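# Structure assessment
One letter stands for each residue in the lines below.
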Amino acid sequence: MAKDKDDLPENQNADKGANSVIIAFMPDSASAEALAQDIDGAVSAEDMHLTLVSLGKADSVDFTKDELSQALKEFSSTAVAITGKVSGVGVFMNEDGDNDDVVYASFDSSELPEFRQELVTHLNERGFDLQTYHGFTPHITLAYTSTHETAIDAPLLEMTFDRLTMMWGDEDRKSVV
């Protein structure tokens, strides 16, 4: 059973998108369903995403949805599709032990680091402050779990991302072509 976003600890909400503003790639529905896990703490297929940048909490950012959307449309007008593959499963261990670990599917693409850096530069040049909780490890979260007794497997999938999605708070998602 998937956890409700409101039940996740604060630091996990930031990465999951709850009450945060993030720019992400969303897997197509067939890929998301193939990655979906049937375990406690699993992320639902419709909530799966690959976070590219986090811009802070939705209720405290100093810009509007329209301003961010316009900046993303400008960027997208010259951006290319990113192709890569899910290449395995990993775990981000929770260092303080108070929250669940993050089990994820790694995404490998030779094009992604440059694409992401161009996006970061584009947003920074337009005055958007990005959150940097940690380095960038391309991944799609599969589950939040405190136990690793359940085997989690992710199929090796080729994936192409051809649109950015702006996620604003818990529910508001807007694809930017």
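In terms of helices and strands, the protein carries four helices and eight strands. Secondary structure elements of the protein occur, N-terminal to C-terminal, as α-β-α-β-α-β-β-α-β-β-β-β. Expressed as a percentage of the 177 residues in the protein, the buried residues total 49%. In the protein, once contacts between residues fewer than 6 apart in sequence are set aside, the share between residues at least 24 apart is 80%. A total accessible area of about 9,200 Å² is found for the protein, and carbon and sulfur atoms account for 45% of it.

We now examine the pattern of salt bridges. Going through the model one piece at a time under the given rule, you end up with three salt bridges. One salt-bridge network, in which partners are shared between bridges, spans Glu-74, Glu-125 and Arg-126.

It is worth spelling out the sheet that holds strand 3 (residues 82–92) at this point. If you trace the four strands from one edge of the open sheet to the other, you get 5-4-3-6, paired in antiparallel fashion. Pairing within the sheet leaves two strands with one partner each, and these edge strands are strand 5 (139–145) and strand 6 (158–161). Put simply, the sheet's adjacent strands are angled 35° from each other on average, direction ignored. One ladder, built from six bridges, connects strand 4 (residues 101–108) with strand 5; its direction is antiparallel. Across the sheet, the residue bridging to Val-102 is Tyr-144, located in strand 5.

Quick reminder: α-helices carry 3.6 residues per turn. Residues three or four places apart thus point the same way. Taking 1.5 Å per residue, 12 residues should reach 16 Å; helix 3 (residues 65–76) reaches 16 Å between its end C-alpha atoms and fits that length. Residues of helix 3 that are buried: Leu-68, Ser-69, Ala-71, Leu-72, Phe-75 and Ser-76. Taken end-on, helix 3 shows its buried residues confined to a sector of 160°, consistent with a single buried face.

Here we take up the environment of Ser-76. Looking at the element boundaries, Ser-76 is found in helix 3. Look at Ser-76 and you get buried, because its relative accessible area is 14%. Spatially, the C-alpha atoms of Ser-76 and Arg-163 are 7.6 Å apart, while their sequence positions differ by 87 residues.

Take the side chain of Asn-94 next. For Asn-94, the location among the structural elements is in the loop between strand 3 and strand 4. Judged by relative accessible area, Asn-94 falls into the buried class, the value being 18%. Asn-94 has contacts with Asn-99, Asp-100 and Asp-101, leaving out every residue within four places of it along the chain.

Bringing the pairing of strand 7 (residues 164–168) into the picture now. Taking burial as the measure, the five residues of strand 7 include five buried ones, the bulk of the element. Burial along strand 7 is two-sided: Leu-164, Met-166 and Trp-168 and Thr-165 and Met-167, pointing in opposite directions, are all buried. Pairing between strand 1 (residues 20–25) and strand 7: four bridges, direction antiparallel. In the sheet register, Ala-24 faces strand 7, and the bridge partner there is Thr-165.

Let us now look at helix 4 (residues 112–125). Across its 14 residues, helix 4 extends 20 Å between first and last C-alpha, which sits within 8% of the 20 Å expected from 1.5 Å per residue. Among the residues of helix 4, those classed as buried are Leu-112, Phe-115, Leu-119, Val-120, His-122 and Leu-123. End-on, the buried residues of helix 4 take up no more than an arc of 160°, which puts them together on one face. Facing away from the buried surface of helix 4 by more than 90 degrees, the exposed residues are Pro-113, Glu-114 and Glu-125. In this fold, the buried residues of helix 4 make contact with strand 1, strand 2 (50–57), helix 3, strand 3, strand 4 and strand 7. Following helix 4 by one or two positions, Gly-127 adopts a phi angle in the positive range, close to 90°.

Calculation notes
- Once a new chain begins, its residue numbering starts again from 1 and follows that chain's sequence as written.
- Where totals are concerned, whole chains, interfaces and linings use all residues; where local detail is concerned, this predicted model gives features only for residues with pLDDT of at least 70, and gives and counts side-chain atom pairs only at 80 or more.
- Only hydrogens and water are set aside; all other atoms, that is, all heavy atoms of the structure, feed into the side-chain values.
- Elements are defined by DSSP. Helices are runs of H or I of four residues or more, strands are runs of E of two residues or more, and each kind is numbered from the N terminus.
- Remark: exposure states derive from per-residue accessible area (1.4 Å probe, protein chains only) relative to the maximum for the residue type, with buried under 20%, exposed over 50%, and partly exposed in between.
- Here a residue-residue contact requires only that any non-hydrogen atoms of the pair lie within 4.5 Å.
- Areas reported here follow the Shrake-Rupley algorithm with a probe of radius 1.4 Å; residue values treat only the protein chains shown as occluding.
- Every case where a carboxyl oxygen of Asp or Glu lies within 4 Å of a side-chain nitrogen of Lys or Arg is listed as a salt bridge.
- A pair of strands is labelled paired if DSSP reports no fewer than 2 bridges between them.
- Here an angle of 0 to 180 degrees is reported between the N-to-C directions of two axes, which are lines fitted to C-alpha atoms, with helices fitted over the stretch in contact.
- One less than the number of residues in a helix, times 1.5 Å, gives the span that helix is expected to have.
- Taking the helix axis as origin, the arc is that swept by the directions to the C-beta atoms.

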